[in-house]
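# Structural description and commentary
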Amino acid sequence: MGFIFFYILYRISVPSFHRLTAYFKFIILYWRCLMQAKNHPEFNMEDKYLKDTCELIDSEIIYLADEVEKADEELLKLKRSVGGNYSDDVIVKNTIYEANKRKLNQLRSVDDKPYFGRIDFKELGKDEHETFYVGKTSLTKKDTNKMLIIDWRTPMASLYYSGEIGEVMYKAPEGLIIGDLELKRQYEIQKKELINIFDKGLTPMDEYLQTALWEKKDNRLKDIVNTIQGEQNDIIRADKEKALIVQGVAGSGKTTIVLHRIAYLMYTYQDIFDAEKLLIVVPNNLFLNYISDVLPDLGVEEIKQSTFEDIVMSLLGEEYKLTDTETKFYQLLDYKGLSEEYRRNLQLTSYFKGSMTLKNIIDKYVVDLTLDLVPQIDLKINDITIYSYNEVLKMYEKDYKYLPVVPRSKRIQKYMEANISEKVKVIQDKVTKKCDRKIQEMKDSVDDIETIRGKIRRIYNKRDRINQELEGSMYKAVKEYFNQWKNLDILTLYQNLLSDSQKLEKYSNGEVDKDILDFISNYSKKIFDNGMLEREDLAALSYLDLKLEGLSLKSKYNHIIVDEAQDYSELQMYILRQLSSNDSFTIVGDISQGIHSYKGIGDWKELMENVFKSCDKELLKLKKCYRSTMEIMNFANEVIKKWKKEEITLAEPVLRSGDKPFILRKNNDQEIIKDISSRLKELKKEGHKSIAIICKTTEESTKVYEILKDTLIDDIHLITDKDVFYNGGVVVIPAYLSKGLEFDVVMVFNCSNDNYIDNELHIKLLYVSITRPLHKLFIYYKDKPSVLLDINSEYFNIL
Ligand SMILES: Nc1ncnc2c1ncn2[C@@H]1O[C@H](COP(=O)(O)OP(=O)(O)OP(=O)(O)O)[C@@H](O)[C@H]1O
């Protein structure tokens, strides 16, 4: 064995790219044979530790299950005895019950595989090292209080992910701990059996990671606690008191990491991180479903995960009818359909609606709206002033100034309604006194009172009538008075602004061309007249709402996570910042995948400057791709280079080698579909669980799906923007919807020269498609290949 190894090593001592691939594959095989757990010098000790730990977990599970069952009954009785009230006793017992139940679930989920790593750490000043086994959840031996497993989120476990053998340090609540990391060991455990042991520093490359990456994937993203890499660990454990922005290449683990970060934050800051105070913003519901397993697997439940649209609609308390997003996207994508000028204006409109320029326009608009909000009239009943203009103005400009405009006017109205009867009483007294005075004067001026009795009666009648009228119409008067205030219906105000180019021009201070503003107002008016809004309108609409209505602190979040952030506009980000109580963010995205860059973020630095200027922030980069093989990622890098943007970060593939992408020429759609159909059967036989046929548009996807579904493929599904579930198997999906997802194999349906042209949007769309596969990539074209495939032939195979 050793001889063959060195012979091969000699033959490839000056390796070419292909030899290098073979070289790594060979080394992995060699080490797998050599490092079978049983061959490890410490196998017996490790095997015993595993068996003892598993036994202890089993007995702990039995104990906890019993406790939970008993507590369940006890709590029920207790709650009945206190008539459903929450007594202190119930609260305490309930807390213990919930904690036991959680621990029971956690232990059950790790029963087969209690830990995955070990570190031996000798703290500076101590004589001996201590050994720590690292797992998804901690385990303590009750009688000795010895920690048998530490939780992966503890400060000490950070060494498992980031530490190299030798001198290390880690941050603990009590300060910086320095020492020597003497051993870092990884275990492959299956069903309580020790399969493999890997010692860091002895294995030639991270074989443990490679094993994880070779797995076939089905329909959901999985947790990666066993194999989190150092650069990822830094992000997961990054300081929470800032806006952390992560630019990560396709497949660098951005989505996975943010979910692990949540688990970390929830564990580390249990006292302040309530699940309700965390928000994850995701691009669509399909994506939500795709990531839905990870948090429960990490023991985290009930985190609010929402699309931006849903957040805004719940903020505004309205369900708006939105135009179809796809239509505009395809109008921008399809260079054949519309005039260049129209497409440019369409892009500028989308950009404008999500820009800080519109935010500034709204600021000025609101100043004007609220300038003379209090009408210059008194609140009168029958010509008697109850509240003068100046009195109300004082309330508006002084007493309630701390409130945003709409709640302020509502508060003033409430105040008036609550106090008007008092006010009226005072006025009634005045009326009565005036009347009494008048009658007295009359009495004093005559000798015979009988002569004026009729007059007196009339005065009394008038007094009673006035007083009755004051009392009877006071609430109505308040209502009528407020009807004369300006209407602050947010939607109407927003639509008035956006569909009026003169208003836009007035407030934009010449920052935007008049022609564009005319286009924006005409375009928007048509949409509003149809009773609709665009998705792009929602950020500005909610900004107007926040300006006028405000938002209470209690409805704000302690930490906000944004995935696929490159597709959000600056104004959307600004709104999210308003929803944060402390500017604590984790924002991840990839500019190269910004297929909505016409309205989204083109540059993280601009985002930091324009939106997060006043807060603590940091930009980190993830350059390694863990998803796709080297060959696929090298090919994808060549495609994205066509974008010719200077600051593109090319992905560094993790050394996992497979087939080079296959490029296939066919004469027509039927031939492509026939080939896909026969290949699908082969690929399924090879054990691939998820295969995507990615088309440029929904229309193309539907056409392909209709034909494919009749060719004996039983589990094929069409995915459109209406879909919420992705259940694995074979799917036909439009490229833009595949963003964020991954598949064992991807087949790009039609990458012909007339379908993908050399422009930013097409390059990015193709890049998104070809960075989805883990293991294999097939690209079909008809007649002539797209110019985007015009790359060095060493990067692909032709079939
Ligand atoms: N440290 C790791 N160990 C094992 N697998 C990993 C690791 N990091 C990432 N992966 C895997 O890489 C794949 C890509 O991860 P993920 O989808 O989170 O990346 P992403 O950066 O969000 O991708 P994209 O931007 O292309 O959608 C997933 O299958 C994930 O499990």
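Residues numbered from 1 in each chain as written. Predicted model: local features only at pLDDT ≥ 70, side-chain atom pairs only at ≥ 80, totals over all residues. Heavy atoms only, no water.

As annotated in an unreviewed UniProt entry, the protein chain carries the name DNA 3'-5' helicase and is attributed to Tissierella pigra.

## Re the overall build of the protein chain
Assigned secondary structure in the protein chain consists of 28 helices and 24 strands. On the principal axes, the C-alpha backbone points of the protein chain span a range of 140 × 75 × 50 Å. Looking at the protein chain as a whole, 52% of its 799 residues qualify as buried. Expressed as a percentage of contacts within the protein chain between residues at least 6 apart in sequence, the contacts between residues at least 24 apart total 75%. (Helix = DSSP H or I, 4+ residues; strand = E, 2+ residues; numbered from the N terminus. Buried < 20%, exposed > 50% of the residue type's maximum accessible area, 1.4 Å probe, protein only. Contact = heavy atoms within 4.5 Å.)

## Some words on the UniProt feature "binding site: ATP" (unreviewed entry) in the protein chain
The UniProt record annotates "binding site: ATP" (unreviewed entry) at Gly248, Val249, Ala250, Gly251, Ser252, Gly253, Lys254 and Thr255. The residue valine 249 is located in the loop between strand E8 (243–248) and helix H8 (254–268) in this model. Overall, valine 249 belongs to the buried group, its relative accessible area being 0%. If sequence neighbours within four positions are ignored, valine 249 has contacts with Lys254, Asp590, Leu622, Lys623, Lys624, Cys625, Thr649, Leu650 and Ala651. For serine 252, the location among the structural elements is in the loop between E8 and H8. If near-sequence neighbours (up to four positions away) are discounted, serine 252 is found in contact with Gln232, Ile257, Leu622, Lys624, Cys625 and Tyr626. Here the side chain of serine 252 touches valine 249 through a polar contact of 2.6 Å, landing on its backbone oxygen. (UniProt positions renumbered as here; feature names shortened; annotations may be inferred. Polar contact = N/O pair within 3.5 Å; in protein donor to acceptor, adjacent residues only side chain to side chain.)

## A look at a positive patch on the surface
A cluster of like positive charges, contributed by Lys433, Lys434, Arg437, Lys438, Lys455, Arg457, Arg458 and Lys462, occupies part of the molecular surface. Counting residues per element, the ones that place at least two in the positive patch are helix H16 (405–445) and helix H17 (453–483). With respect to the helices and strands, lysine 438 occurs in helix H16. Here lysine 438 falls in the partly exposed class, since its relative accessible area comes to 48%. (Patch = residues over 30% accessible without salt bridge, like charges linked within 9 Å, V, L, I, M, F, W, Y side chains within 5 Å. Areas by Shrake-Rupley, 256 points an atom, 1.4 Å probe, with all protein chains shown as cover. Salt bridge = Lys/Arg side-chain N within 4 Å of Asp/Glu carboxyl O. Lys, Arg positive; Asp, Glu negative; His and termini not counted. Charge placed at Lys NZ, Arg CZ, Asp CG, Glu CD.)

## A closer look at the domain arrangement of the protein chain
When its domains are assigned, the protein chain resolves into domain 1 (42–227), domain 2 (243–320 + 556–625), domain 3 (379–484) and domain 4 (630–798). Between the C-alpha centres of domain 1 and domain 3 there is a distance of 74 Å. (Domains from an automatic or database assignment.)

## Quick word on the sheet that holds strand E18 (residues 662–666)
Taken in spatial order, the seven strands of this open sheet run E20-E21-E19-E22-E23-E18-E24, and their pairing is parallel. A single partner strand is all that each edge strand has here, and the edge strands are strand E20 (716–718) and strand E24 (797–798). Across four bridges, strand E19 (residues 690–695) lies against strand E22 (residues 743–748) in parallel orientation. By the bridge assignment for E22, isoleucine 694 is matched with valine 748. Most of the contacts of helix H26 (residues 698–708) go to strand E21 (residues 729–734), to which it runs at about 150°, and overall it touches E19, E20 and E21. (Pairing = 2+ DSSP bridges. Axes fitted to C-alpha atoms, helices over the stretch in contact; angles between N-to-C directions.)

## Structural notes on the packing of aromatic side chains
Within this structure, the stated rule accounts for 28 aromatic pairs. Counting every residue linked through ring pairs, the aromatic cluster contains Tyr49, Tyr115, Tyr133 and Tyr187. A cation over a ring is seen here: lysine 423 above tyrosine 387, with NZ or CZ 4.6 Å from the ring centre. The aromatic ring of tyrosine 756 is capped on one face by lysine 696, whose charged end is 5.8 Å from the ring centroid. (Phe/Tyr/Trp six-rings, centres within 6.5 Å; stacked < 30°, edge-to-face > 60°. Lys NZ or Arg CZ within 6 Å of the ring centre and 35° of its normal.)

## Quick look at the sheet that holds strand E9 (residues 278–281)
The strand order across the open sheet built from six strands is E10-E9-E13-E14-E8-E15, with neighbouring strands paired in parallel fashion. On the outer flanks of this sheet lie strand E10 (304–306) and strand E15 (617–622), each paired with one strand and no other. Neighbouring strand axes in the sheet, compared pairwise and without regard to direction, differ in orientation by 15° on average. Relative to strand E14 (residues 585–589), strand E13 (residues 559–562) runs parallel, the two sharing three bridges. Its bridge partner lying in E14, isoleucine 561 is registered against threonine 586. Along the sheet face, helix H11 (residues 308–316) touches E9 and E10 and points at about 110° away from the line of E10.

## Description of the packing of helix H19 (residues 501–508) against helix H20 (residues 514–529)
It is at 9 Å that the axes of H19 and H20 come closest, and there the two elements cross at 135°. In terms of their interaxial angle, H19 and H20 are classed as oblique. The chirality of how H19 crosses H20 is right-handed. Contacts from Ser501, Leu504, Glu505 and Ser508 of H19 reach H20 at Lys514, Leu517, Asp518, Ile520 and Ser521. Taken together, the residues of the contact of H19 with H20 sort by class into three nonpolar, three polar and three charged. (Parallel < 35°, antiparallel > 145°, perpendicular 65-115°, else oblique. Left-handed = near helix turned anticlockwise from the far one by under 90°. Nonpolar A, V, L, I, M, F, W, Y, C, P; charged D, E, K, R; others polar.)

## Regarding the environment of aspartate 500
Along the polypeptide, aspartate 500 turns up in the loop between helix H18 (490–498) and H19. Along the primary structure aspartate 500 and arginine 457 are separated by 43 residues, whereas in three dimensions their C-alpha atoms are 61 Å apart. A polar side-chain atom of aspartate 500 sits 3.0 Å from the main-chain amide nitrogen of glutamine 502.

## Some remarks on the site of the ligand
Looking at the ligand, there are 24 residues lining it, with Lys217, Thr227, Lys254, Thr256 and Glu742 nearest. Side-chain polar atom of threonine 255 to an oxygen atom of the ligand: 2.9 Å apart, as the coordinates give it. Separating an oxygen atom of the ligand from a side-chain N or O atom of threonine 256 is a distance of 2.4 Å. Within the complex, the protein chains bury 98% of what would otherwise be the 640 Å² of accessible surface of the ligand. For the shell around the ligand, the elements supplying multiple residues, two or more each, are helix H6 (207–213) and H8. Sort the elements by how many residues they give to the shell around the ligand and H8 lands first, with three residues. Its residues placed into classes, the shell around the ligand shows eight nonpolar, 10 polar and six charged. (Near = heavy atom within 4 Å.)

## Observations concerning the packing of helix H24 (residues 630–641) against helix H28 (residues 760–770)
Where H24 meets H28, the closest approach of the two axes is 9 Å, and the angle between their N-to-C directions is 175°. Considering their axes alone, H24 and H28 lie roughly antiparallel with respect to each other. From H24, Ile632, Met633, Phe635, Ala636, Val639 and Ile640 reach across to H28, where they touch Ile763, Leu766, Tyr767 and Ile770. Of the residues belonging to the contact of H24 with H28, the class tally is 10 nonpolar, no polar and no charged.

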